[in-house]
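Chains, contacts and geometry: an overview
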Amino acid sequence: MTAITEFVSYQAEGSVGVVTINNPPVNALSAGVRAGIKGGIEAAVADSSVTSIVLHCEGRTFIAGADITEFGKPPQEPSLHQVIGAIELSTKPVVAAIHGTALGGGLETALGCHYRVATPAAKVGLPEVKLGILPGAGGTQRLPRVVGIPMALQMITSGAPIGAKKALEVGLVDEVAEGDLKAAAIAFAEKVVAEGRPLVKISDRDDKLQEAKDNPGIFDEFRKSIARRTRGFEAPENCIKAVEASVNLPFPEGLARERELFTELVTGEQSKSQRYFFFAERQAAKIPDVPKDTPLIDIKTAGIIGAGTMGGGIAMNFLQAGIPVTIVENNQEALDNGVALIKKNYAATVSKGRMSQDAMDRCMSLLTPTTSLEDVKDVDIVIEAIFENMEIKKELFGKLDEICKDGAILATNTSTLDVEEIGDVTKRPEYVIGLHFFSPANVMRLLEEVRTTKTSKSVMATCMALAKRIGKVPAMVGVCEGFVGNRILHRRSEQATALIMEGALPQDVDRVLFDFGLPMGPFAMSDLAGNDVGWRIRQGKGETSPIADKICEMGRFGQKTGSGYYLYKEGSRTPTPDPVVEEIIMEASKEAGIERRAITDEEILQRCVYPMINEGAKILEEGIATRASDIDVIWVYGYGWPIYRGGPMQYANAVGLENVYNTLLDYQKKYGDYFKPAALLEKLAKEGKEFS
Ligand code: 3HC
């Protein structure tokens, strides 16, 4: 075996030259890998003992893409274009042997090969759009030439990979091989030579482009079809333009156009934020004081207490991951309703074609409904999802402590209460943790995990791993009122309310935040969640809020009652501004002695967002969150903060901490100490630093 570079080696195996990449963990195309592949191909072409070449990877996957850490740094030769060019121009057939995931630059490299062989479990895709860029090494020009325009548009603008079986069907791979992949790829290469098959250069093909040449309207139709899903994102439009170029321009010019569109994106703020977020998400899974090799508790079964919307949603995550769930309610009717809701949700997914009937049946067969708390005695983890009341929760945890086996984790889904206090009623506070799911719990990706001062490392490590198993993105935080997500949300809600007292209307605040990229503004969100929820909490705490209270007193609980801050036509979720609400607001301002004034969109945005950033800084000072990026993960996955703005803390970096700090100081002068910048924000701003 000859080492070409640190990461790539070359060896002749009979008549086949094998180029092997070994760059753990995902064989990303760093400079050394690129140089190695090019050198390996050149060595094989020059090796007179071989007649064909196999490109193959060690470890858990084929090349998973360009090395994302290299973006934004000075480019190093050879470029991926040069590497792929060398493969495609090879005078001996090159076969890619794909296992794991061939993604981004990985699939582009495979598309430069003349043939592709994959394992049955392999996946291939171009996920660049998720990083705010487009496939920049020929993917937008070669993929359409293999799978046609409609499928290429779909794959490139969604970033979703397809499995080997589908890839075989559409001609993206030439063979799916069971067993030893390298041996199968070598056999395939030998067969190509023996049968005198041609050196298929995808760049020469254009048969699959004809459909779009005959129907150029295909692109605008596609634009319309994804407009809602991709609102605010820049990358999807450039992806479409690049694919259009594959139809309208000869291959080399198409490549140049792709490069231009790629460069536009990669140098922009959106891609910077999305790439930042890729690593933020992976960082959030790591807890600095919990070593990687911390022993995990084996979670084979789960118990869920409470079969309401939340409990049912949580249960669905476990069932889909194949973990049997015992779900407990205190009366049969509530239990039956809860189970019926789970069934209804699954049936809806099946009817949309996103789940098979078999999979639904499998999930339902793993569910054991019961009205007896005793039935959770053998489960490995219990998650409590009952009414948000400290006394009731404490009583329940006392009982669970008696009933559950030693070593079982007791988790609470509380969104506000002190998890430490709940844990302290048990004899096993080290096994108690908060697992805060977001509604709808079967859909929202975030799992805010809450550690107390006593939660054991093993319980934390187990719950982080469990989150991944049930398809969630976890972030570990400490105990405080509202934890990280809702504590920050409260600041925004307070300002939204203050703004409508001072002169704005709900539709003004909501429009500004919607245009910023959030799925909806605070008033539309309150109408969706139910205005009565906050009302009850305020009543419990003896607090008042003139506008919100008045709206609830009128029975305007939101969408479910047909009116709230807005009016909703029967069966519609579209909010319509309501003069009645305007009157309530005018009256409330008058009673508070506030002279209403025109408020600019800029002030609305700053007043809603900067206090969130300031609260984030306080959360970091207090050590409630480990990293600024954890706060961003919570806000993107839990509250729909636009990923192309990175999260509130990364957004602050983009605006410049000095600007955020100075604006808060201005507001402090005008409106009082509510806006006083946090010490950490002040320090970083003065030092010219960022949240890191
Ligand atoms: N570059 C640099 N590092 C990468 C990377 C990449 N392309 N892909 C993954 N990593 C790192 C992760 O940051 C992580 O590092 P850590 O252990 O220090 O946190 C480690 O590899 C393992 O990654 P995951 O935790 O994500 O491992 P999984 O097994 O869960 O997932 C994966 C593997 C599906 C390959 C996933 O990592 C992934 O989706 N990677 C990104 C794929 C991608 O976006 N490719 C396109 C890149 S852009 C491109 O190719 C441009 C081209 O068109 C020119």
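Each chain has its residues counted from 1, running along the sequence as written. Where local features are concerned, this predicted model is filtered to residues with pLDDT of at least 70; where side-chain atom pairs are given and counted, the filter is 80 or more; whole-chain, interface and lining totals use all residues. The basis for the side-chain values is all heavy atoms of the structure; hydrogens and waters are excluded.

This part takes up the packing of helix H5 (residues 149-158) against helix H10 (residues 235-248). Every axis corresponds to a line fitted to the C-alpha atoms, with the helix fit spanning only the stretch in contact, and the corresponding angles, defined between N-to-C directions, vary from 0 to 180 degrees. Segments assigned H or I by DSSP are reported as helices when at least four residues long, segments assigned E as strands when at least two residues long, and all are numbered from the N terminus. One can describe the packing of H5 onto H10 by two numbers: an axis separation of 10 Å at closest approach and a directional angle of 150°. Classed by the angle they form, the pair H5 and H10 counts as roughly antiparallel. As H5 runs across H10, the sense of the crossing is right-handed. Note on element contacts: H10 touches H5 through Pro236, Cys239, Ile240, Val243, Ser246 and Val247, opposite Ile149, Leu153, Ile156 and Thr157. The residue makeup of the contact of H5 with H10, split by class, is eight nonpolar, two polar and no charged. Oblique is the label for every angle not falling under 35 degrees (roughly parallel), over 145 degrees (roughly antiparallel), or within 65 to 115 degrees (roughly perpendicular). By convention the crossing between two helices is left-handed if the near helix lies anticlockwise of the far one by an angle smaller than a right angle, and right-handed if it lies clockwise. Contacts between residues were defined by any pair of non-hydrogen atoms, one from each residue, lying within 4.5 Å. Note that Gly is not counted as nonpolar here; it falls among the polar residues with everything else outside the nonpolar set of Ala, Val, Leu, Ile, Met, Phe, Trp, Tyr, Cys and Pro and the charged set of Asp, Glu, Lys and Arg.

As a further point, take the sheet that holds strand S4 (residues 52-57). DSSP calls a pair of strands paired once it identifies at least 2 bridges connecting them. Taken in spatial order, the seven strands make up an open sheet running S1-S2-S3-S4-S5-S7-S10, and their pairing is mixed. Two strands lie at the open edges of the sheet, namely strand S1 (2-3) and strand S10 (175-176), each paired on one side alone. When strand S5 (residues 94-98) meets strand S7 (residues 115-118), the two strands line up parallel, connected through four bridges. Within S7, the position partnered with Ala97 by the bridge is Val117. Taken strand by strand, helix H1 (residues 31-46) contacts strand S2 (8-13), strand S3 (16-21), S4 and S5, and its axis lies near 20° from that of S2.

Cis rather than trans, the peptide bond between Glu77 and Pro78 has omega equal to -10°. Cis geometry is found at the peptide bond from Ser439 to Pro440, where omega equals -5°. Considering the arrangement of structural elements, one finds Pro440 in the loop between strand S16 (432-437) and strand S17 (446-450). In this model, Asn27 sits at a positive phi of 55°, which is unusual for a non-glycine residue. When accessible area is computed with a 1.4 Å probe and restricted to protein chains, residues below 20% of their type maximum are described as buried, those above 50% as exposed, and intermediate ones as partly exposed. Among the residues examined, Asn27 registers a relative accessible area of 2% and is labelled buried. Positive phi is not limited to glycine here, since Phe483 has a value of about 50°. Within the element layout of this structure, Phe483 appears in the loop between strand S18 (473-477) and helix H19 (485-502). Judged by relative accessible area, Phe483 falls into the buried class, the value being 0%.

Before going further, it helps to examine a positive patch on the surface. On the surface, a cluster of positive charge is contributed by Arg60, Arg282, Lys286, Lys292 and Lys468. On the accessibility criterion, Lys292 (90% relative accessible area) is exposed. Residues enter patches when they are more than 30% accessible in relative terms and free of salt bridges; like-charged ones are connected within 9 Å and nonpolar ones (Val, Leu, Ile, Met, Phe, Trp, Tyr) within 5 Å. Accessible surface is estimated by sampling points in the Shrake-Rupley manner with a 1.4 Å probe; for residues, cover comes only from the protein chains shown. By definition, a salt bridge exists where a carboxyl oxygen of Asp or Glu is found within 4 Å of a side-chain nitrogen of Lys or Arg. Counted as positive: Lys and Arg. Counted as negative: Asp and Glu. His and the chain ends are not counted at all. Every charge is mapped to an atom, namely NZ of Lys, CZ of Arg, CG of Asp or CD of Glu.

If you walk through the whole model with that rule in mind, you get 44 salt bridges. Among the salt bridges present, the one from Arg142 reaches Glu88, with a minimum N-O distance of 2.9 Å. With Arg142 in helix H4 (residues 139-147) and Glu88 in helix H2 (residues 80-88), the pair connects residues that are 54 residues apart, well separated along the chain. One salt bridge connects Arg556 with Asp578, and the closest N-O pair in it is separated by 2.6 Å.

Quick look at the nonpolar core now. Buried residues of nine kinds, namely Ala, Val, Leu, Ile, Met, Phe, Trp, Tyr and Cys, make up a nonpolar core once their side-chain atoms join them within 4.5 Å. Grouped together as the largest cluster of nonpolar side chains are 91 residues, with contacts concentrated most on Val376, Leu400, Val484, Val509, Ile547, Leu681 and Phe691. Looking at which domains feed residues into this core, each of domain 2 (302-477) and domain 3 (485-591) gives three or more. Aside from chain neighbours lying at most four places away, what touches Leu681 is Asn614, Ala617, Leu657, Val660, Tyr661, Leu664 and Phe691. In this structure, Ala102, Leu143, Ala167 and Ile240 belong to the second largest nonpolar core, which totals 69 residues. In this entry, domain limits derive from an automatic or database-based domain assignment.

This part is about the packing of helix H25 (residues 601-621) against helix H28 (residues 657-671). Contact geometry for H25 and H28: axes closest at 10 Å, N-to-C directions at 105°. Classed by the angle they form, the pair H25 and H28 counts as roughly perpendicular. Here Glu603, Gln606, Arg607, Tyr610, Pro611, Ile613 and Asn614 of H25 come into contact with H28, specifically with Val660, Thr663, Leu664, Tyr667 and Tyr671. The class makeup of the residues in the contact of H25 with H28 is seven nonpolar, three polar and two charged.

Attention now moves to the site of the ligand. Around the ligand sit 25 residues, and of these Arg60, Glu108, Glu128, Arg282 and Lys286 come closest. Whenever a nitrogen or oxygen atom comes within 3.5 Å of another N or O atom, the pair is scored as a polar contact, on the condition that within protein one atom can donate a hydrogen and the other can accept it, and that pairs from neighbouring residues in sequence are kept only if both atoms are in side chains. Glu108 places a side-chain nitrogen or oxygen 2.8 Å from an oxygen atom of the ligand. Contacts to the ligand include Lys286, whose side-chain N or O atom sits 2.5 Å from an oxygen atom. For the ligand, the protein covers 74% of the area, taking 990 Å² as the surface of the free molecule. Only heavy atoms are used to decide nearness, and a residue is near a molecule or strand if one of them lies within 4 Å of it.

Moving on to the layout of surface pockets. Roughly 320 Å³ of volume is contained in the second largest pocket. Of the residues forming the lining of the second largest pocket, the biggest block, four residues, is contributed by helix H16 (residues 390-403). Among the residues making up the lining of the second largest pocket, the classes are represented as seven nonpolar, three polar and three charged. Points on a 1 Å grid over protein atoms alone make up a cavity when a 1.4 Å probe fits among them but cannot get out, and a pocket when they form an open set with protein on both sides within 12 Å along at least five of seven lines; lining residues each have an atom within 4 Å of a point. Grid points are joined across faces, edges and corners, and a volume is the space filled by probe spheres set on the points.

For the rest of this paragraph, the subject is the pairing of strand S14 (residues 381-384). Every second residue of S14 is oriented toward a common face, with Ile381 and Ile383 on one face and Val382 and Glu384 on the other, all of them buried. One ladder, built from four bridges, connects strand S11 (residues 302-305) with S14; its direction is parallel. Pairing of Gly303 across the sheet is with Val382, part of S14. Note that the unit made of S14, H16 and strand S15 (residues 409-412) has a crossover that is right-handed. Here a crossover is taken to be right-handed if, once the strands point away from the viewer, the path from the first strand over the helix to the second is traced clockwise.

Attention now goes to helix H14 (residues 332-351). End to end, H14 covers 28 Å across 20 residues, agreeing with the expected 28 Å (1.5 Å per residue, within 8%). All of the buried residues in H14 are Leu335, Gly338, Val339, Ile342, Tyr346 and Val350. Angular distribution of buried residues about the axis of H14 spans 120°; they occupy a single face of the element. Exposed and facing more than 90 degrees away from the buried side of H14 are Glu333, Lys344 and Ser351. Residues of H14 that are buried in the fold lie against helix H13 (309-320), strand S12 (325-328), helix H15 (357-365) and strand S13 (367-370). Looking at where H14 begins, the residue whose side-chain oxygen comes 3.1 Å from the main-chain nitrogen of Glu333 is Asn331. Just past H14, the residue Gly353 takes up positive phi, approximately 80°. A helix is expected to span 1.5 Å for every residue after the first. Read the arc as the range of directions from the helix axis to the C-beta atoms.

For the rest of this paragraph, the subject is the side chain of Lys92. With respect to the helices and strands, Lys92 occurs in the loop between H2 and S5. Despite its burial, Lys92 remains without a salt bridge, the nearest opposite charge being carried by Asp47 at 6.0 Å. There is a polar contact of 3.0 Å between the side chain of Lys92 and the backbone oxygen of Ala44. Within the structure, Lys92 has its side chain in polar contact with the backbone oxygen of Val45 (distance 2.9 Å).

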